[in-house]
Structure formats: C-alpha cells, structure tokens
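Analysis of the macromolecular model
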Amino acid sequence: MILREVPRGFTTRFAPAPTGHLHLGHIVNAVWVWGLARAYDGRVILRIEDHDRGRCRPEFEQSILEDLEWLGLDADIAPISAFRAGRLPQRQSDNGARYEAALAELSSRGLAYACTCSRSEIERAWADTWAREQPGIPLLEGVEARYTGTCRHRQVPADATPARRVIMDAEDPVVFEDLRNGRAVQDPQRQCGDLLVRDRHGNFTYQFCVTVDDFDQGVNLVIRGEDLLESTGRQILLSRLLGRERAPEFLHHRLVRHPDGRKLSKSAGDTGVRELRAFGASPAAVLGRAAHLGGLPHDGSPIAADTLHRLFR
Ligand code: GLU
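What comes next concerns the included structure. The shown structure was predicted, so the numbers you read here are calculated from the model rather than taken from an experiment.

Here we take up the side chain of Gln-186. By the secondary structure assignment, Gln-186 is in strand E6 (residues 182-186). Of note is the side chain of Gln-186, whose polar atom sits 2.7 Å from the backbone nitrogen of Gly-233. Excluding anything up to four places from it in sequence, Gln-186 contacts Pro-173, Val-174, Phe-176, Gln-191, Leu-229, Glu-230, Thr-232 and Gly-233.

Structure follows, in structure tokens:
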C-alpha cells in the first residue's frame with residue numbers, strides 16, 4: 001500500500017456517531033484506523049460523536065461498543081470499558097462545557113456571531129449570490145449552499161438565538177497534503193462561508209466538536225472516509241483560530257458504496273455488523289471483507305483484528 005510519509009507513533013481516533021448501528025462502512029474505516037495504528041506504533045482513541053442530541057441514542061452507543069468488542073477492536077485511549085464506566089471527555093455529550101468555553105473564547109475575540117437565518121433564507125441568499133457570480137448557469141445540484149454572511153454585520157443580540165457562526169476569513173487558501181490523495185487546496189469562505197458551530201437548538205455542530213476534540217485529545221493523524229474531504233480545510237482553519245499551531249495530518253480513504261454510487265448509511269439499514277453477526281459471519285470474515293471493500297490490497301479473505309497491521313506492510 002503506497003502512502004506518503006505516515007508519522008510513526010501518531011494518535012488517531014475512531015469516531016462513530018451513535019445515530020444507528022455500525023455498518024460495513026464504519027468497519028472499512030476501523031480497518032484503516034487500527035491497521036495503520038498497529039503498523040506504525042500509533043494509538044487509537046475511541047470517541048463517541050453524539051453531539052446531536054436529537055439524532056443520537058444511548059442504545060446505539062451500547063450497540064457500537066458491543067460490535068467493536070465482538071470484532072476484537074479496542075482503543076488504547078478511552079477503551080470500551082471506560083465508556084461503560086461513566087462520563088468521559090471522549091463522549092461528546094459529556095464534553096459540552098469544553099465546547100461552551102471554546103466558543104466563548106472565540107466570541108470574546110470577535111470571531112463568532114449570532115445568526116438568526118433560517119435554512120430557506122440561507123438558500124435564497126445563496127441562490128441570489130450564485131446567479132450573480134455564475135450568470136446563465138443554473139444552481140447546480142450537489143453544490144454546497146454557502147452562507148453568504150447575512151448576519152455577520154447585523155449585530156444580532158446574543159440572547160436572540162443560540163446559533164453561532166465563526167468567521168472563516170483567511171488570507172490564503174488552506175493547503176494540506178492528504179497522505180493518500182496528495183495535495184488539496186480549499187477555500188472555506190468560498191465553500192461554506194462562515195461556519196455554523198452551534199445551531200438554533202443549541203447543539204454544537206459536528207465541525208466544531210470534532211475540531212475542538214482533535215486538538216484537545218492530541219490527534220495528529222485523522223483517518224476517515226473521502227466523504228469528509230471537503231470538511232478538512234474548514235477544520236484546519238478553525239483549529240488555527242482555536243490556537244492550534246500545527247494541524248493534524250489527514251488521510252481520506254475510499255468509501256463503500258452501493259452499486260449505483262450511493263453511500264452506505266446506518267439509517268437505511270445497510271449491511272449492519274449486527275446482521276452479519278446474526279448471519280453467522282466471524283469477526284475475521286467481516287474485517288477481511290471490509291479491508292477489500294476499503295481499497296486495501298487484500299482479497300477479502302478473513303483477517304483477524306490482531307493482524308490488521310499486515311495490510312500496511
Ligand atoms: N462522526 C463522523 C461520522 O460518523 C466521523 C467524523 C470524522 O471522522 O471526522 O461520520
């Protein structure tokens with residue numbers, strides 16, 4: 001497997017959101033995370049990304065822990081037993097005070113502002129901006145709606161809404177070297193505009209929690225699926241605003257998709273680890289299949305958790 005310089009002794013994380021059971025897509029990520037960590041003396045943190053109180057459920061956390069245990073994948077930091085024992089900062093719903101403090105700090109430096117825009121207002125403003133910037137080209141499907149900055153200069157009072165955005169201005173585009181895909185150049189202001197870090201219900205967003213956590217927890221190599229590649233520039237920029245001097249390294253791997261190109265999803269009941277277990281598959285069979293689907297040089301035959309490092313030698 002040809003990868004650019006993987007830093008020996010890195011710290012990475014496996015970070016599922018408990019909005020459903022684990023499926024093969026997660027296991028592809030797990031094989032990359034644990035395989036690389038074991039091959040390069042790295043350490044794995046388990047992080048439960050339950051920042052979205054509306055969509056996450058404790059029973060899904062339990063099920064994720066059980067499936068990881070069954071697969072033979074435990075973390076070096078915040079292992080399964082620590083999650084079962086009680087509160088810990090690697091469970092995002094236990095870490096709210098830290099996100100509050102990080103946001104308060106950004107606000108005190110004038111880097112965050114309250115935003116009362118509704119989704120439809122944001123989409124309308126974006127459609128107008130698009131029409132001005134791209135005359136004659138219809139709004140293309142799949143292009144991310146950019147926040148055009150409506151509330152940035154409105155001086156919305158802090159108590160009008162819990163929603164906050166962080167100013168994403170940077171002198172230069174963000175450049176990073178993905179360990180698998182090579183150089184990427186991203187401009188968050190042109191992609192997403194000022195970043196929503198807390199929504200109108202008071203939930204901290206994925207982008208914010210993940211960036212604060214990766215910084216606090218010393219994650220210096222993020223290993224995740226290609227669907228999150230577009231998020232990386234904004235996370236690097238946000239990490240700089242939070243005071244992080246050196247952003248983590250990133251590796252984005254292939255995703256498992258349906259034959260028609262759709263991503264696997266938990267909510268759609270896609271190939272769950274539970275179902276594979278009930279069907280009689282062994283942990284090694286599931287890991288071997290995931291290694292193959294995830295683009296690693298492996299024929300899909302069973303591979304035990306404690307030999308995953310061999311995929312990267
Ligand atoms: N929690 C995210 C997910 O389940 C992963 C976040 C990340 O790796 O940055 O998709």
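Within helix H8 (residues 232-241), nine of the ten residues are buried, leaving the element largely enclosed by the surrounding structure. Buried residues of H8: Thr-232, Gly-233, Arg-234, Gln-235, Ile-236, Leu-237, Leu-238, Ser-239 and Leu-241, and no others. Positioned one or two residues after H8, Gly-243 has a phi angle of 105°, which is positive.

A few words on the packing of helix H7 (residues 206-216) against H8. Axes are the key here: two packed helices are described by the angle between their axes and the distance separating the axes. Between H7 and H8, the shortest axis-to-axis distance is 9 Å and the interhelical angle comes to 55°. If you check the angle between H7 and H8, you find them oblique. Handedness of the H7/H8 crossing: right-handed. Contacts between H7 and H8 pair Tyr-206, Gln-207, Phe-208, Val-210 and Thr-211 from the former with Arg-234, Gln-235, Leu-238 and Ser-239 from the latter. Residues that form the contact of H7 with H8 fall into these classes: four nonpolar, four polar and one charged.

Turning to the sheet that holds strand E4 (residues 164-166), a few remarks are in order. Strand pairing in a sheet relies on backbone hydrogen bonds. The paired strands run either parallel or antiparallel. Pairing in this open sheet of three strands is antiparallel, and the strands run E3-E4-E7 from one edge to the other. Each edge of the sheet is formed by a strand with only one pairing partner; in this case those strands are strand E3 (112-114) and strand E7 (195-198). The average undirected angle you get between the axes of adjacent strands in this sheet is 35°. Where E4 and E7 come together, three bridges link them in antiparallel fashion. Note that in E7 the partner of Arg-164 across the bridge is Arg-198.

Looking now at the site of the ligand. Surrounding the ligand, one finds Arg-13, Ala-15, Pro-16, Ala-17, Glu-49, Tyr-206, Val-210, Arg-224 and Leu-228. The side chain of Glu-49 places a nitrogen or oxygen atom 2.5 Å from a nitrogen atom of the ligand. In isolation the ligand has 300 Å² of accessible area, and contact with the protein removes 78% of it. Along the lines of polarity and charge, the residues of the shell around the ligand split into six nonpolar, no polar and three charged.

Let us look at unusual backbone geometry. With a phi close to 55°, Asp-41 is a non-glycine residue in the positive phi region. Looking at the secondary structure, you find Asp-41 in the loop between helix H1 (24-39) and strand E2 (43-46).

Here we take up helix H4 (residues 96-108). With 13 residues, H4 ought to run about 18 Å at 1.5 Å a step, and its terminal C-alpha atoms sit 18 Å apart, in line with that. All of the buried residues along H4 are Tyr-99, Ala-102, Leu-103 and Leu-106. Angular distribution of buried residues about the axis of H4 spans 95°; they occupy a single face of the element. Of the exposed residues in H4, those oriented more than 90 degrees away from the buried face are Ala-97 and Ser-108. Lining the buried residues of H4 we find E3, E4, E7, H7 and H8. Positive backbone phi, approximately 75°, marks Gly-110, located one or two places after H4.

Cut-off values and rules
Residues numbered from 1 in each chain as written. Predicted model: local features only at pLDDT ≥ 70, side-chain atom pairs only at ≥ 80, totals over all residues. Heavy atoms only, no water. Helix = DSSP H or I, 4+ residues; strand = E, 2+ residues; numbered from the N terminus. Polar contact = N/O pair within 3.5 Å; in protein donor to acceptor, adjacent residues only side chain to side chain. Contact = heavy atoms within 4.5 Å. Buried < 20%, exposed > 50% of the residue type's maximum accessible area, 1.4 Å probe, protein only. Axes fitted to C-alpha atoms, helices over the stretch in contact; angles between N-to-C directions. Parallel < 35°, antiparallel > 145°, perpendicular 65-115°, else oblique. Left-handed = near helix turned anticlockwise from the far one by under 90°. Nonpolar A, V, L, I, M, F, W, Y, C, P; charged D, E, K, R; others polar. Pairing = 2+ DSSP bridges. Near = heavy atom within 4 Å. Areas by Shrake-Rupley, 256 points an atom, 1.4 Å probe, with all protein chains shown as cover. Expected span 1.5 Å × (residues − 1). Arc of directions from axis to C-beta.

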